[in-house]
Amino acid sequence: MQTKKFEDAVSIAVAAADVICKQLKEKPDSLICIAAGHSSLPLCEELIARYQNDQVDFSKAYFIAMDEWLHMNPSVSGSCGDFLNKHFLSHVNFPENHIRLFDGLAEDTTAECASVKKQIEDLGGFDIMILGMGMNGHLALNDPGTPFDSTVRVSEIDEVTKSVGTKYFSEAPQLSGGITIGLTEICASKTIILIVFGEHKQDIIQKLIVSPATEDLPASVLKNIPDSQFWYA
């Protein structure tokens with residue numbers, strides 16, 4: 001894992017957007033994943049601005065979401081899919097049939113996970129993975145204790161994730177779990193960038209910097225990936 005400190009969140013967003021734009025010029029049909037959450041907002045704003053200025057084209061690209069709360073789908077205000085639609089996907093030109101968001105309301109969540117996993121595999125894996133890190137060090141909805149070889153699945157979430165997750169909703173829901181890609185899909189991505197910033201994240205940033213790779217800190221799995229990027233401010 002390669003670590004770089006930036007001046008601020010905007011500087012990180014510009015650098016990450018540069019990577020995405022370069023990737024799409026070289027491979028227009030790239031498969032992209034960007035985390036739903038506040039850490040992604042500056043990047044989403046930068047990409048939207050570049051799209052509006054004809055600096056990037058998503059018309060041949062694919063997008064598969066990272067995760068969703070169990071018992072929710074993009075129709076639920078505050079859900080991960082709703083966040084991605086409101087803050088990114090509805091503002092750029094991914095073809096509708098090139099976007100795959102998780103359905104946490106699916107009657108058969110096992111089949112939903114298998115379907116997402118197959119689509120990732122059919123598209124050759126993620127070309128670009130833009131991650132955020134939770135207050136407990138989670139990646140996607142892979143909380144502490146998640147095996148490094150985890151794959152697409154329904155996941156358990158801890159009290160930290162439940163508490164922090166309520167900030168995305170106007171009325172706090174009872175969050176009971178997640179449906180998520182696993183650490184295997186994350187680590188198999190061709191380009192991996194973990195973005196973390198803010199005063200409230202400084203403790204977990206420092207913990208990640210000094211920690212060995214351990215399942216108690218899911219983000220530390222990136223220490224097993226020499227080319228992965230950890231960008232923080």
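A contiguous nonpolar surface patch, about 200 Å² in accessible area, is contributed by Met135, Val160 and Val164. By secondary structure assignment, the location of Met135 is in the loop between β6 (128–131) and β7 (153–155). On the basis of relative accessibility, which here comes to 36%, the residue Met135 falls in the partly exposed class.

Here we take up helix α1 (residues 9–26). The terminal C-alpha atoms of α1 lie 26 Å apart, and with 18 residues this matches the ideal 26 Å at 1.5 Å per residue to within 8%. Along its buried surface, α1 packs onto β2 (31–34), α2 (41–52), β6, β9 (191–196) and β10 (229–232). Between the side-chain oxygen of the N-cap and the backbone nitrogen of Val10 there are 3.3 Å, and the N-cap of α1 in question is Asp8.

Within the open sheet, the 3 strands sit side by side as β4-β8-β7. Their pairing is antiparallel. Every interior strand has two partners, whereas the edge strands, β4 (67–69) and β7, have only one. When the angles between neighbouring strand axes are averaged without regard to direction, this sheet yields 25°. Note that β7 and strand β8 (residues 178–180) share 3 bridges and pair antiparallel. Bridge pairing in β8 links Arg153 to Thr180.

Taken N-terminus to C-terminus, the directions of α1 and α2 make an angle of 50°; their axes are 8 Å apart at the nearest point. Between α1 and α2, the crossing angle belongs to the class labelled oblique. Crossing geometry of α1 relative to α2 is assigned as right-handed. In contact with Ala9, Ala13, Val14, Ala16, Ala17, Asp18, Ile20 and Cys21 of α1, α2 contributes Pro42, Leu43, Glu46, Leu47 and Arg50.

Rules used in this analysis
Residues numbered from 1 in each chain as written. Predicted model: local features only at pLDDT ≥ 70, side-chain atom pairs only at ≥ 80, totals over all residues. Heavy atoms only, no water. Patch = residues over 30% accessible without salt bridge, like charges linked within 9 Å, V, L, I, M, F, W, Y side chains within 5 Å. Areas by Shrake-Rupley, 256 points an atom, 1.4 Å probe, with all protein chains shown as cover. Salt bridge = Lys/Arg side-chain N within 4 Å of Asp/Glu carboxyl O. Helix = DSSP H or I, 4+ residues; strand = E, 2+ residues; numbered from the N terminus. Buried < 20%, exposed > 50% of the residue type's maximum accessible area, 1.4 Å probe, protein only. Expected span 1.5 Å × (residues − 1). Contact = heavy atoms within 4.5 Å. Polar contact = N/O pair within 3.5 Å; in protein donor to acceptor, adjacent residues only side chain to side chain. Pairing = 2+ DSSP bridges. Axes fitted to C-alpha atoms, helices over the stretch in contact; angles between N-to-C directions. Parallel < 35°, antiparallel > 145°, perpendicular 65-115°, else oblique. Left-handed = near helix turned anticlockwise from the far one by under 90°.

Shape is all these values report; function is a separate question.
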